[in-house]
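Analysis of the macromolecular model
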Amino acid sequence: MAKAQLSSDRFHLQGIYACPLCRHGQISAMPLMETFSCNFCHHIFTTNFEQQVLKIADSQLPLAWRWNGKNWKGVQREGTELGWSYLGIGIIFVVLPTAIIATGSYLFPPLPGSPLSWLPLWWTILTFLAHLFCLIWLIVEYYQFPIFLYFRALRRRFFARWHAN
Ligand SMILES: [Zn+2]
């Protein structure tokens with residue numbers, strides 16, 4: 001394959017670039033087309049060379065990246081910047097229920113040696129983890145981080161290697 005070198009100042013049809021989605025593979029132009037595809041995650045991207053923008057074509061997620069001459073930068077959609085107030089609400093969402101449960105078990109401790117004396121501590125930890133998970137999930141959903149595409153690509157690579165052995 002006679003392709004231009006990996007790093008190029010401008011995003012152009014003949015170039016080969018690191019895949020912005022899986023960050024493992026390399027994307028290059030598909031034969032006779034203006035679309036790019038990745039040799040690792042096999043996703044297809046549409047290109048806009050004037051704006052130096054790459055958009056994912058085969059996903060529901062509205063993901064796009066702009067080439068800055070060295071690497072890809074995610075194109076933020078309008079109004080997707082999370083404010084500090086949201087971060088504060090998120091922290092309260094995690095800390096407050098945990099604090100209530102912890103205070104409850106501190107004020108009304110279980111009888112020492114009773115069979116379920118371990119429960120309040122575990123319940124507190126579980127509350128914290130469950131709420132933290134909800135918060136992380138919301139952030140992942142909000143920013144449309146391609147976590148599932150990433151895991152799917154990793155799994156595919158793992159099985160490809162496994163079958164090759
Ligand atoms: Zn990829």
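Just above sits the structure.
Note that the structure is predicted; figures quoted are calculated from it, not measured. (Residues numbered from 1 in each chain as written. Predicted model: local features only at pLDDT ≥ 70, side-chain atom pairs only at ≥ 80, totals over all residues. Heavy atoms only, no water.)

Here we come to the pairing of strand β5 (residues 53-56). Of the pairings in the sheet, the one linking strand β4 (residues 44-48) to β5 comprises four bridges and is antiparallel in character. The residue bridging threonine 47 from the neighbouring strand is leucine 54, located in β5. Hairpin connection from β4 to β5: four residues lie between these consecutive antiparallel strands, with glutamine 52 at a positive phi of about 60°. Bridge count for β5 against strand β6 (residues 64-67) is three bridges, and the pairing is antiparallel. Bridging across to β6, leucine 54 finds its partner in tryptophan 65. (Pairing = 2+ DSSP bridges. Helix = DSSP H or I, 4+ residues; strand = E, 2+ residues; numbered from the N terminus.)

The subject of this paragraph is unusual backbone geometry. Of note, the phi angle at arginine 23 is positive, near 60°, even though the residue is not glycine. Its location among the elements puts arginine 23 in the loop between β1 (16-18) and β2 (26-29). Note on arginine 23: relative accessible area 66%, which makes it exposed. One non-glycine residue, histidine 42, lies in positive phi territory at about 60°. Assignment of secondary structure puts histidine 42 in the loop between β3 (36-38) and β4. (Buried < 20%, exposed > 50% of the residue type's maximum accessible area, 1.4 Å probe, protein only.)

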